[in-house]
Amino acid sequence: MQTTADVRHDWTEDEVRALFELPFNDLLFRAHSVHRQHFDPNQVQVSTLLSIKTGACPEDCKYCPQSAHYDTGLEKQRLMEVEAVLAKARQAKAAGSTRFCMGAAWKHPTDRDMPYVLEMVKGVKALGLETCMTLGMLKEEHAQQLAEAGLDYYNHNLDTSPEFYDKIITTRTYQDRLDTLAHVRDAGMKICSGGILGMGETARDRIGLLLQLANLPQQPESVPINMLVKVEGTPLENVDNLDPLEFIRNIAVARILMPTSHVRLSAGREQMSDELQAMAFFAGANSIFYGECLLTTPNPETHRDLQLFKRLGINPEQRIEPSDEEQAQAIANRLQAQQDDALFYDAAH
Ligand code: SF4
């Protein structure tokens, strides 16, 4: 809940810089103390991410293998069929995920895409999972439709500071991103928004990103902090590595600035050592993506994430079960959806 009195929206650059300049141990101690005031430090929320439409994106985000502007050898995939998405969601639930995130590599969804996407939201919701989507920019009307279908979260990252932004993306503006976030809020959905570190930005840019997120009218409920995954064929493939301790500092400062948000370790986690991840959890990260690979892992007990959780005494955060009324509504939505058979086939983009 964002009603806590100590959530501020007036952070200044000097204040945030002062946090970054604290000795490492002082910063971590402070971040961890804030974390304990708002969360169980031994619980981590687990989401599963599924790409429902892959590659051929018209945007030119320089870090992204899905952009049509770069040749990364990525296998493209049209919009998945609704039933195939629901089958993956069932697997995710069985593997312990509480939130199912569906991502499509689009500039924005079109009117033609929306019926399929809405069916996916209703279907996943009916399984008792929280729903999240990332579909690019959203116009007001589409945001409303998604909210009505039961979408809980919309992911739309700010990526970096406003100053560094045009070095990374030229096909949409920072303001476009802020507008999408505003439409999501106006429609009553929760926001998942964060950024990517290690793209060649300066320390000041990293401060700028966190300032933007923290000073939004309402802070995002979920804040993914990604470490760049350098993909061959993208313009950032040879950018210098970010010091992993600087990454941890960013997690810690994000935790202090946004005390009630879930801070998420997202892309780049696979490249991190167990020790670095453990330090990130101590600094205030409390959400991860399992990723699609867990869905195909025969024995989840052997999965690296679950082993790490066990070694650290961390439990996956349980979802608060929906009320009977919510469940009945979700089932009714699902039945209504099934009446429209045509939508369950050929969800081609
Ligand atoms: S909009 Fe998304 S999918 Fe498209 S290039 Fe940018 S990050 Fe990649």
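Residues numbered from 1 in each chain as written. Predicted model: local features only at pLDDT ≥ 70, side-chain atom pairs only at ≥ 80, totals over all residues.

So, on to the overall build of the chain. Of regular secondary structure, the chain possesses twelve helices and ten strands. The buried share among the 349 residues of the chain stands at 43%. Of the contacts formed within the chain by residues at least 6 apart in sequence, a portion of 81% connects residues at least 24 apart. (Helix = DSSP H or I, 4+ residues; strand = E, 2+ residues; numbered from the N terminus. Buried ≥ 20, exposed ≤ 12 C-beta atoms within 10 Å, placed from the backbone. Contact = placed C-beta atoms within 7 Å.)

Close to the ligand lie Cys57, Glu59, Cys61, Cys64, Gln66, Ser67, Ala105 and Gly136. Here the shell around the ligand is composed, by residue class, of four nonpolar, three polar and one charged. (Near = placed C-beta within 6 Å. Nonpolar A, V, L, I, M, F, W, Y, C, P; charged D, E, K, R; others polar.)

At Ala56, a position not held by glycine, the phi torsion is positive, near 60°. Tracing the backbone shows Ala56 in the loop between strand E1 (43-53) and helix H3 (82-94).

On to H3, then. An α-helix turns once per 3.6 residues; consequently, residues spaced three or four apart project the same way. Taking 1.5 Å per residue as the helical rise, H3 with its 13 residues ought to reach 18 Å, and the 19 Å between its terminal C-alpha atoms agrees with that figure. Restricting attention to buried positions, one finds in H3 the residues Val82, Val85, Leu86, Ala89 and Ala92. Projected onto a plane normal to the axis of H3, the buried residues spread over an arc of 115° and lie on a single side. Just downstream of H3 lies Gly96, where phi reads positive at about 105°. (Expected span 1.5 Å × (residues − 1). Arc of directions from axis to C-beta.)

With respect to the helices, strands and loops of the structure, Leu158 is situated in the loop between strand E4 (153-155) and helix H6 (174-186). By the C-beta count within 10 Å, which is 22 here, Leu158 ends up buried. Filtering out sequence-adjacent residues up to four positions away, Leu158 remains in contact with Arg177, Ser193, Gly195, Leu209, Gln212 and Leu213.

Within the largest apolar cluster, 88 residues are counted, with the highest numbers of intra-cluster contacts made by Tyr154, Leu210 and Ile251. The greatest single-element share of this core, amounting to eight residues, is contributed by helix H8 (residues 244-257). Sequence-distant contacts of Tyr154, that is, excluding residues within four places in its chain, are made with Met133, Leu138, Leu146, Val184, Met189, Ile191 and Cys192. (Core = buried A, V, L, I, M, F, W, Y, C linked by C-beta atoms within 7 Å.)

Confidence in the prediction of the chain, expressed as mean pLDDT, is 85, and 86% of residues score 70 or more. Low pLDDT (under 50) marks residues 294-302, which in the prediction has 13 contacts with non-local residues, meaning those over four places away or in another chain. In this model, residues 320-324 is a region of pLDDT below 50 whose contacts with residues beyond four sequence positions or in other chains number two contacts. (pLDDT = per-residue confidence, 0-100.)

Now for the pairing of E1. Within E1, eight of the eleven residues are buried, which leaves the element mostly enclosed by the surrounding structure. Alignment of E1 against strand E10 (residues 315-316), held across two bridges, turns out to be parallel. Counterpart to Gln43 in the pairing with E10 is Asn315. In the sheet, E1 pairs with strand E9 (residues 285-289) via three bridges, with the strands oriented parallel. Residue Val46 lies in a different strand from E9, and its bridge partner there is Ile288. As paired elements, E1 and strand E2 (residues 99-104) share six bridges and run parallel to each other. Each bridged residue has a counterpart across the sheet, and for Leu50 the counterpart in E2 is Met102. (Pairing = 2+ DSSP bridges.)

Attention now goes to the pairing of strand E7 (residues 222-227). Look at any regular strand and the pattern is simple: side chains alternate between the two faces of the sheet. Where burial is concerned, most of E7 is hidden: six out of the six residues are buried. Neither face of E7 is left uncovered, since the one carrying Ser222, Pro224 and Asn226 and the one carrying Val223, Ile225 and Met227 both have all their residues buried. Two elements, strand E6 (residues 195-197) and E7, share three bridges in a ladder whose sense is parallel. What sits directly across from Gly195, in E7, is Ile225. Taken together, E6, helix H7 (residues 203-214) and E7 form a β-α-β motif whose crossover is right-handed. With four bridges connecting them, E7 and strand E8 (residues 262-265) associate as parallel partners. (Right-handed = clockwise from strand over helix to strand, strands pointing away.)

So, about the environment of Val229. Along the polypeptide, Val229 turns up in the loop between E7 and H8. Residue classification places Val229 among the partly exposed positions, given that 18 C-beta atoms sit within 10 Å. Through-space distance from the C-alpha of Val229 to that of Asn241 is 9.9 Å; in sequence the pair is twelve residues apart. The residues contacting Val229, other than those within four sequence positions of it, are Ala267, Gly268 and Gln271.

As a further point, take the packing of H7 against H8. Between H7 and H8, the shortest axis-to-axis distance is 10 Å and the interhelical angle comes to 25°. Overall, the two elements H7 and H8 adopt an arrangement that is roughly parallel. Remark: the crossing between H7 and H8 carries right-handed chirality. Taken together, the residues of H8 that come into contact with H7 (itself represented by Arg206, Leu210 and Ala214) are Asn250, Val253, Ala254 and Leu257. Partitioned by chemical class, the residues of the contact of H7 with H8 number five nonpolar, one polar and one charged. (Axes fitted to C-alpha atoms, helices over the stretch in contact; angles between N-to-C directions. Parallel < 35°, antiparallel > 145°, perpendicular 65-115°, else oblique. Left-handed = near helix turned anticlockwise from the far one by under 90°.)

On to the packing of helix H4 (residues 114-126) against helix H5 (residues 140-149). Remark: H4 packs on H5, axes separated minimally by 9 Å, with the N-to-C direction vectors making an angle of 30°. Considering their axes alone, H4 and H5 lie roughly parallel with respect to each other. The way H4 lies across H5 gives a crossing that is right-handed. For the pair H4 and H5, the contacting residues are Met114, Leu118, Val121 and Lys122 in the first and His142, Gln145, Leu146 and Ala149 in the second. Partitioned by chemical class, the residues of the contact of H4 with H5 number five nonpolar, two polar and one charged.

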